[in-house]
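Reading the structure
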Amino acid sequence: MALTQLNLGSELGLEILHQRWYALILYQLDPVPTDFMDLRVTVRGISTFNLLLRLKHLQEWELIETLPKDDYSYRLTQTGEMFHQILRELEDWGNDTLENNLAI
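Residues numbered from 1 in each chain as written. Predicted model: local features only at pLDDT ≥ 70, side-chain atom pairs only at ≥ 80, totals over all residues. Heavy atoms only, no water.

In terms of regular secondary structure, the protein is built from five helices and three strands. Listing the helices and strands of the protein from first to last along the sequence gives α-α-β-α-α-β-β-α. Each principal axis of the C-alpha atoms in the protein carries an extent, and together these give about 50 × 40 × 25 Å. Counting contacts in the protein only where the partners sit at least 6 residues apart, residues at least 24 apart contribute 50% of the total. Split by element, the accessible area of the protein, about 7,500 Å² in all, is 55% carbon and sulfur. Across the protein, the centroid of the 8 positively charged side chains sits 8 Å from that of the 16 negatively charged ones. (Helix = DSSP H or I, 4+ residues; strand = E, 2+ residues; numbered from the N terminus. Contact = heavy atoms within 4.5 Å. Areas by Shrake-Rupley, 256 points an atom, 1.4 Å probe, with all protein chains shown as cover. Lys, Arg positive; Asp, Glu negative; His and termini not counted. Charge placed at Lys NZ, Arg CZ, Asp CG, Glu CD.)

Side chains of a nonpolar character, in soluble globular proteins, are inclined to be buried together. With 20 residues, the main nonpolar core has I25, L26, L55 and I64 as its most contacted residues. Taken together, the elements giving at least two residues each to this core come down to α2 (20–28), α3 (36–42), α4 (48–60), β3 (70–76) and α5 (78–103). Ranked by residue count, the leading element in this core is α2, at five residues. When near neighbours in sequence (up to four residues on either side) are disregarded, L55 contacts I25, F36, L39, I64 and Y74. (Core = buried A, V, L, I, M, F, W, Y, C linked by side-chain atoms within 4.5 Å. Buried < 20%, exposed > 50% of the residue type's maximum accessible area, 1.4 Å probe, protein only.)

Turning our attention to the sheet that holds β3. Judged by pairing direction, the sheet is antiparallel, and its three strands sit side by side in the order β1-β3-β2 without closing on themselves. Whereas interior strands pair on both sides, the edge strands pair on one side only; in this sheet they are β1 (34–35) and β2 (64–67). In this structure, β2 lies alongside β3, joined through four bridges in antiparallel fashion. Bridge pairing in β3 places T66 opposite Y74. (Pairing = 2+ DSSP bridges.)

Glancing now at a nonpolar patch on the surface. A cluster of nonpolar residues, L6, L14, L17, I86 and L90, forms a patch on the protein surface that exposes about 400 Å² of accessible area. Secondary-structure elements contributing two or more residues to the nonpolar patch are α1 (8–18) and α5. Summarising the element assignment, L6 is placed in the segment before α1. (Patch = residues over 30% accessible without salt bridge, like charges linked within 9 Å, V, L, I, M, F, W, Y side chains within 5 Å. Salt bridge = Lys/Arg side-chain N within 4 Å of Asp/Glu carboxyl O.)

Moving on, we come to the confidence of the model for the protein. When pLDDT is averaged along the protein, the result is 88, and 94% of the positions lie at 70 or above. Per-element confidence in the protein ranges from a low mean pLDDT of 82 for α1 to a high of 95 for α4. (pLDDT = per-residue confidence, 0-100.)

The subject of this paragraph is the pairing of β3. Examined bridge by bridge, β1 and β3 share two bridges and lie antiparallel to one another. Looking at the pairing, D35 lines up with S73 of β3. Linkage of β2 to β3, two consecutive antiparallel strands, is achieved through a turn of two residues.

Tracing the backbone through its elements, the reader meets H84 in helix α5. The exposure class assigned to H84 is buried, which follows from its relative accessible area of 9%. Here the side chain of H84 touches L26 through a polar contact of 2.8 Å, landing on its backbone oxygen. If we skip the residues at most four places from it in the chain, H84 touches L26, Y27, L29 and L76. (Polar contact = N/O pair within 3.5 Å; in protein donor to acceptor, adjacent residues only side chain to side chain.)

And the structure:
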């Protein structure tokens, strides 16, 4: 029997990858808190409103969190760290694939 649909978890993961802002934000963060204004500078091309909206969604999905007494610094949660690693592995795969294809 062929799989005709992805499960909801896979669809959410793909949605995060498909919406480039989510992936770019997650790629810029790590477990050490990052100030909103620093994040605003490193994630270029997104409006402040859209950045705040994407950060809110990432918090709802428990991929990032704010510090208890600082609502304007963000860091990866343990789950966010896992997703960050997936992004790095995708980057490595893409780089390897490009190198192999360019070498042909």
